[in-house]
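Residue-level structural notes
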Amino acid sequence: MATRGGAAAAGRPYELVVFGASGFTGQFVAEEVARVAAGDDARGSLRWAVAGRSRDKLQGALDRAAERLGKPELKSGVGIIICDVSDPSSLSDMAKQAAVVLNCVGPYRFFGEPVVKACVENGTSCIDISGEPQFLEGMYLKYNDKAAEKGIYVVGSCGFDSIPADMGVLYTRDSLKGTLTAVESFLKVKCGPEGYSIHDGTWKSAVHGLADQDNLRKLRKQIGYKPLPVIGAKLKRRGLLFYSKEFKEYSIPFMGSDVSVIKRTQRYLHTDLQETPVQYAAYAMVGGLTSVVKLMLAGLLFFLLVKFSFGRNLLKKYPELFSGGQFTKKGPTQKQIDGASFTMTFFGEGYSQGQDPQQGKPNVKICTQVKGPDAGYIATAVAMVQAGVALLKDASSLPKQGGVYTPGAAFSKTKLIDELNKRGIEFSVISKSEA
């Protein structure tokens, strides 16, 4: 087997390369890498570069980061690599120069695979922030064995989808004395006085993802997942809309990729590490009745239109109109981003030490929380960059074999949660009842 993560960095000019650094999300990732590189841990020793199609735009992203951090020296100390997702040889050149590529160019279903392919062929680890199960699981099917041969790590969904949820479940498990068997998470997103909007790249991914559910089912058949055993009491599913007594507001199932990512993590931990699989369900809070009515009307319209190609074109052309202003082509302002935050609360149940999870009812409960700054851009950038740093600095704690992994599978033994805690994505235990 080839050398693990960190060793590849030695002979390459850059440890981290941010691909798509001038895009809407990419500029926040570039700023976060700059912040880490200037911090006490790195003290300027982190070698990194930005990559993309336009030198001017990449320089602009570095200028923005330099100004926001008050570090004018940034402009000269960071490499610039010109490459284009539609030009395989340029992607190959980028991959050869990096130990880890942070890929910010989505929608990944259209632009993700050429980057993964270039990284795998050139022995480079790769991280993305995709919330698209079809892309993530497709990459597992096509590249897991090749990545294992090369001893490199391809880790998807390392942004807000799905690091808080995936690592949050592991944190909950590790904080319980006994055996955790089931977890429900509730997401609450808060906006400041300026309100909030999301860049329409995320909207486009959702449009294509929902239109393509059939292919996702076919892909899963091809992978041939074995069903995970249900340990402990079976987790009851809640309705499509329900009133949450814990939070005194209405909730709906969370539409993101968290559930599919966590299932893959739990499958890996169960099959490869013989750990007890945890059942999981994800919900999002939507507020009072007025919000519910608005959401249901918008949702109904979305699901009707997404079934037809003319409907999908309308949705992509007029994101603001069909999302009630939630998704825009410009994305949020800096003020909106600064005013936003998220809280994810986990309610876990399980069996106390010495108690057999196959017998009787769960007898211990735990409540934990992950909270952080703006989910879409700040928390996503922090999570992605720390995942990249973990591949570089915590290589001995990664899975023994390279491959295509979920965050929980790749980082369950690393110090990722400690590092996120230091950077404003805070994991904490709220309460536990232990027998």
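Residues numbered from 1 in each chain as written. Predicted model: local features only at pLDDT ≥ 70, side-chain atom pairs only at ≥ 80, totals over all residues. Heavy atoms only, no water.

**Considerations on the environment of Asp166**
- Checked against the element boundaries, Asp166 lands in helix H9 (residues 163-175).
- Along the chain, Asp166 and Ile80 lie 86 residues apart, while their C-alpha atoms are 33 Å from each other.
- A polar contact of 2.8 Å, which involves the side chain of Asp166, links it to the side chain of Thr265. (Helix = DSSP H or I, 4+ residues; strand = E, 2+ residues; numbered from the N terminus. Polar contact = N/O pair within 3.5 Å; in protein donor to acceptor, adjacent residues only side chain to side chain.)

**Section: the packing of helix H2 (residues 24-38) against helix H3 (residues 55-69)**
- The interhelical angle for the contact between H2 and H3, taken along N-to-C directions, is 50 degrees, at an axis separation of 9 Å. With respect to their mutual orientation, H2 and H3 come out oblique. Considering how the two elements wind past one another, H2 and H3 form a crossing that is right-handed. Across from Gln27, Phe28, Glu31, Ala34 and Arg35 in H2, the residues of H3 making contact are Arg64, Ala65, Arg68 and Leu69.
- In terms of residue class, the contact of H2 with H3 is made up of four nonpolar, one polar and four charged. (Axes fitted to C-alpha atoms, helices over the stretch in contact; angles between N-to-C directions. Parallel < 35°, antiparallel > 145°, perpendicular 65-115°, else oblique. Left-handed = near helix turned anticlockwise from the far one by under 90°. Contact = heavy atoms within 4.5 Å. Nonpolar A, V, L, I, M, F, W, Y, C, P; charged D, E, K, R; others polar.)

**Regarding the environment of Tyr196**
- Locating Tyr196 in the fold gives a position in the loop between strand E7 (179-190) and strand E8 (198-199).
- Along the backbone, Tyr196 and Tyr108 are 88 residues apart, and their C-alpha atoms lie at a distance of 24 Å.
- Tyr196 has contacts with Cys191, Gly325, Gln326, Pro332, Gln336, Ile337, Ala340, Asp374, Gly376 and Tyr377, leaving out every residue within four places of it along the chain.

**Notes on the sheet that holds strand E11 (residues 279-287)**
- Strand order in the open sheet formed by seven strands is E9-E10-E11-E7-E13-E14-E16, with mixed pairing between adjacent strands. The open sheet is flanked by strand E9 (242-244) and strand E16 (426-433), the only strands paired with a single partner. On average, each strand axis in the sheet is tilted by 30 degrees relative to the strand beside it, whichever way the strands run.
- Taken together, the four bridges between strand E10 (residues 249-253) and E11 define a ladder with antiparallel strand orientation. Bridge pairing links Tyr250 to Gly287 in E11. (Pairing = 2+ DSSP bridges.)

**A few points about the pairing of strand E4 (residues 98-103)**
- The element E4 is largely enclosed, with a buried count of six among its six residues.
- With five bridges connecting them, strand E1 (residues 14-19) and E4 associate as parallel partners. Pairing of Val18 across the sheet is with Leu102, part of E4.
- Of the strand pairs in this sheet, E4 and strand E5 (residues 125-128) are connected by four bridges, and their pairing is parallel. Residue Asn103 lies in a different strand from E5, and its bridge partner there is Asp128. (Buried < 20%, exposed > 50% of the residue type's maximum accessible area, 1.4 Å probe, protein only.)

**Considerations on the sheet that holds strand E3 (residues 79-82)**
- The seven strands are arranged E3-E2-E1-E4-E5-E6-E15 in an open sheet whose pairing can be described as parallel. The sheet is open, and its two edges are formed by E3 and strand E15 (403-405), each paired on a single side. Geometrically, the sheet is characterised by an average inter-axis angle of 20 degrees between neighbouring strands, direction not taken into account.
- Those strands touched by helix H17 (residues 375-393) are E1, E4, E5 and strand E6 (153-155), and its axis lies near 160 degrees from that of E4.

**A few points about a nonpolar patch on the surface**
- Together, Phe308, Phe310, Leu314, Tyr318 and Leu321 give the surface a local cluster of nonpolar side chains, amounting to about 530 Å² of exposed area.
- Classification of Tyr318 by relative accessible area gives partly exposed; the value is 39%. (Patch = residues over 30% accessible without salt bridge, like charges linked within 9 Å, V, L, I, M, F, W, Y side chains within 5 Å. Areas by Shrake-Rupley, 256 points an atom, 1.4 Å probe, with all protein chains shown as cover. Salt bridge = Lys/Arg side-chain N within 4 Å of Asp/Glu carboxyl O.)

**A short note on unusual backbone geometry**
- A cis geometry characterises the amide bond from Gly106 onward to Pro107, with omega recorded as -5 degrees.
- The topology assignment puts Pro107 in the loop between E4 and helix H6 (108-111).
- Between Asp161 and the following residue, Ser162, the backbone shows a cis peptide bond with an omega angle of 0 degrees.
- Within the element layout of this structure, Ser162 appears in the loop between E6 and H9.
- A positive phi angle, near 55 degrees, is found at Lys248, a position not held by glycine.
- Mapped onto the secondary structure, Lys248 falls in the loop between E9 and E10.

**Comments concerning the pattern of salt bridges**
- This structure, assessed with the given rule, holds 19 salt bridges.
- Where Asp394 meets Lys415, a salt bridge forms, and the shortest distance between an N and an O atom there is 3.7 Å. Placement of the pair is Asp394 in the loop between H17 and E15 and Lys415 in the loop between helix H18 (407-411) and helix H19 (416-422), with a sequence separation of 21 residues.
- Here the salt bridges share partners, and the residues they tie into one network are Glu31, Glu32, Arg35, Arg64 and Arg68.

**So, the nonpolar core**
- Among the nonpolar cores identified, the biggest contains 110 residues, and Phe19, Trp48, Leu102 and Phe411 are the most heavily contacted of them.
- Broken down by element, this core gets its largest block of residues, 13 residues, from H17.
- In this view, Phe19 contacts Ala51, Gly52, Cys83, Val85, Leu91, Met94, Val101, Leu102, Asn103, Cys104, Val105 and Val115; residues no more than four positions away in its chain are not counted.
- The next biggest cluster of nonpolar side chains, apart from the first, holds eight residues, and it includes Phe302, Leu305, Leu315 and Phe327. (Core = buried A, V, L, I, M, F, W, Y, C linked by side-chain atoms within 4.5 Å.)

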